[in-house]
Amino acid sequence: GAGVSQTPSNKVTEKGKYVELRCDPISGHTALYWYRQSLGQGPEFLIYFQGTGAADDSGLPNDRFFAVRPEGSVSTLKIQRTERGDSAVYLCASSRRGGGRTGELFFGEGSRLTVL
Amino acid sequence: SQKIEQNSEALNIQEGKTATLTCNYTNYSPAYLQWYRQDPGRGPVFLLLIRENEKEKRKERLKVTFDTTLKQSLFHITASQPADSATYLCALDMSGGSYIPTFGRGTSLIVHP
């Protein structure tokens, strides 16, 4: 597709369950970012991929969060043993090359996660 | 600690006026600054990028200034329209070299007809 695609758009789960969120970036974009956004806040950085490797995962809040990008395109954010505090909109963005210095981020519409 | 500050209160203006939004930052020297627009339930959309060695940038009705001495960026929308109503986010390179955009909380703009 023409833009960044994220699935599912909405996910409701119970505390303690495992969740996967998927991001399909713009074709040819080598850099991919995951952010998390809570109501009334700006996007909070989680992890950045350059190609297949995680170039910076300093934003992941704890070891329940993990992300992969095995072939350098689609990425999956995985959350184990979900907690109510994980409820947020998870945003994925891609850019042509690494780092914002080279240009803008193209965001998907986000995956809204609700943990009951 | 490093901080990006945007006014948390909504900015209400009349159609046709110029809207001015502020982004202040502390304890860092960013290489660039970006502005994004976000509508409710949607992802942010890029508007403008300004680099540390640029003072001002324009695009149609939008103007961004970047004052690295004051550690401030101003975002202007001239001849504002109700369709400009949205949340506007600023983002800076704050991560010490890996150029990952770090976002402020955004300011809501409401343009009244």
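Positions within a chain are numbered from 1, following the residues in the order the chain's sequence is written. Ligands are numbered from 1 and chains lettered from A, in the order in which they are written. A pLDDT threshold of at least 70 governs which residues receive local features in this predicted model, and a stricter bar of 80 or more applies before side-chain atom pairs are shown or counted, although totals over entire chains, interfaces and linings include all residues. The side-chain values count all of the structure's non-hydrogen atoms but skip hydrogen atoms and water molecules.

## Here's the deal with the interface of chain A and chain B
Short version of the rule: Contacts between residues were defined by any pair of non-hydrogen atoms, one from each residue, lying within 4.5 Å. Accessible area that two parts lose when put together, with a 1.4 Å probe and added across both, is what the buried area reports. Salt bridge, as used here, is a side-chain nitrogen of Lys or Arg placed within 4 Å of a carboxyl oxygen of Asp or Glu. Helix numbers and strand numbers start at the N terminus; a helix is a DSSP run of H or I with at least 4 residues, a strand a run of E with at least 2. The classification used treats Ala, Val, Leu, Ile, Met, Phe, Trp, Tyr, Cys and Pro as nonpolar, Asp, Glu, Lys and Arg as charged, and all other residues, Gly among them, as polar.
Taken together, the contacts link 20 residues of chain A with 21 residues of chain B. Interface area, chain A with chain B, both sides summed: about 1700 Å², of which 54% is carbon and sulfur. Close ionic contact of Glu109(A) with Arg42(B) constitutes a salt bridge, the shortest N to O distance being 2.6 Å. Within the residue set of the side of chain A that touches chain B, elements represented by two or more residues are strand S4 (31-37) and strand S5 (44-50) of chain A. Of the residues contributing to the side of chain A that touches chain B, the split by class is 8 nonpolar, 8 polar and 4 charged.

## Concerning the state of the cysteines
Residue and element names in this part refer to chain A. The cut-off we apply is this: Two cysteine sulfur atoms make up a disulfide if the distance between them is within 2.5 Å. The buried label applies to any residue whose accessible area, calculated with a 1.4 Å probe on protein chains only, is under 20% of its type's maximum; exposed applies above 50%, and partly exposed to all values in between.
A full pass over the atoms with the stated rule returns 2 disulfides over all chains. Between the sulfur of Cys23 and that of Cys92 lies a disulfide, 1.9 Å long from S to S. The sign of the S-S torsion, about -70 degrees, decides the handedness of the disulfide formed by Cys23 and Cys92: left-handed. With Cys23 in strand S3 (residues 19-24) and Cys92 in strand S9 (residues 88-95), the pair connects residues that are 69 residues apart, well separated along the chain. Its relative accessible area of 0% is what places Cys23 among the buried residues.

## So, the sheet that holds strand S8 (residues 75-79) of chain A
Residue and element names in this part refer to chain A. Note the threshold: At least two DSSP bridges between two strands are required for those strands to pair. Axes, fitted as lines to C-alpha atoms, cover a helix only where it is in contact. Angles between the N-to-C directions of the axes lie from 0 to 180 degrees.
In space, the 4 strands of this open sheet follow the order S1-S3-S8-S7, with antiparallel pairing throughout. The strands lining the two open edges of the sheet, one partner per strand, are strand S1 (5-7) and strand S7 (65-68). On average, adjacent strands in this sheet sit at an angle of 15 degrees to one another, irrespective of strand direction. Inspection of the sheet shows S7 paired to S8 by 4 bridges, in the antiparallel sense. Within the sheet, the bridge partner assigned to Phe65 lies in S8 and is Ile79.

## Some points on the layout of surface pockets
Our working rule: Every definition here rests on a 1 Å grid over the protein atoms only: cavities are sets of points where a 1.4 Å probe fits but cannot get out, pockets are open sets enclosed by protein on both sides within 12 Å along at least five of seven lines, and lining residues have some atom within 4 Å of a point. Grid points are joined across faces, edges and corners, and a volume is the space filled by probe spheres set on the points.
Here the largest pocket defines a volume of roughly 560 Å³. At the level of secondary structure, the elements contributing two or more residues to the lining of the largest pocket comprise S9 and strand S11 (111-115) of chain A together with strand S9 (86-93) and strand S11 (107-112) of chain B. Sorting elements by how many residues they give to the lining of the largest pocket places S11(A) first, with 4 residues. Residue composition of the lining of the largest pocket, by class: 7 nonpolar, 17 polar and 5 charged.

## Some words on the nonpolar core
Rules: Residues belong to one nonpolar core when they are buried, are Ala, Val, Leu, Ile, Met, Phe, Trp, Tyr or Cys, and are joined through side-chain atoms within 4.5 Å.
In terms of nonpolar packing, the biggest core is built from 22 residues, with Leu33(B), Trp35(B), Phe75(B) and Tyr88(B) touching the most fellow members. At the level of elements, strand S3 (19-26), strand S4 (32-38), strand S5 (45-51), strand S7 (62-67), strand S8 (72-77), S9 and S11 of chain B are the ones that each hand at least two residues to this core. Residues Val4(A), Leu21(A), Ala67(A) and Cys92(A) belong to the second largest nonpolar core, which totals 20 residues.

## A short note on unusual backbone geometry
All names here are of chain A. A cis amide bond links Thr7 to the next residue, Pro8, at an omega of -10 degrees. Of note, Pro8 is situated in the loop between S1 and strand S2 (10-13). Even without a glycine there, the phi angle at Arg81 is positive, about 45 degrees. Among the structural elements, Arg81 can be located in the loop between S8 and S9. With relative accessibility at 45%, the residue Arg81 sits in the partly exposed group.

## Structural notes on the confidence of the model for chain B
Heads up, the condition is: Confidence per residue, as judged by the predictor, is encoded in pLDDT with a range of 0 to 100.
Confidence in the prediction of chain B, expressed as mean pLDDT, is 92, and 96% of residues score 70 or more. Here strand S10 (residues 101-103) of chain B is the element of chain B with the lowest mean pLDDT, 92, and S11(B) is the one with the highest, 98.

## Some remarks on the packing of aromatic side chains
Quick reminder of the rule: When two rings of Phe, Tyr or Trp (its six-membered ring) have centres within 6.5 Å they constitute a pair, described as stacked for plane angles under 30 degrees, edge-to-face for angles over 60, and tilted for the intermediate range.
Applying the stated criterion across every chain yields a total of 12 aromatic pairs over all chains. On the basis of an interplanar angle of 70 degrees and a centroid distance of 5.9 Å, the ring pair of Phe107(A) and Phe103(B) is categorised as edge-to-face. Of this pair, Phe107(A) sits in strand S10 (residues 106-107) while Phe103(B) sits in strand S10, placing the two residues on different chains. The residues Phe107(A) and Phe103(B) share a single accessibility class, namely buried. One aromatic cluster is present, formed by Tyr33(A), Tyr35(A), Phe45(A), Tyr48(A), Phe107(A), Tyr36(B), Phe46(B) and Phe103(B) through successive ring pairs.

## Re the environment of Leu62(B)
Residue and element names in this part refer to chain B. Tracing the backbone through its elements, the reader meets Leu62 in strand S7. Among the residues examined, Leu62 registers a relative accessible area of 15% and is labelled buried. The spatial distance from the C-alpha of Leu62 to the C-alpha of Phe75 is 7.3 Å, given a sequence separation of 13 residues. Apart from residues lying up to four places away in sequence, Leu62 is in contact with Leu47, Leu48, Lys57, Phe75, His76 and Ile77.

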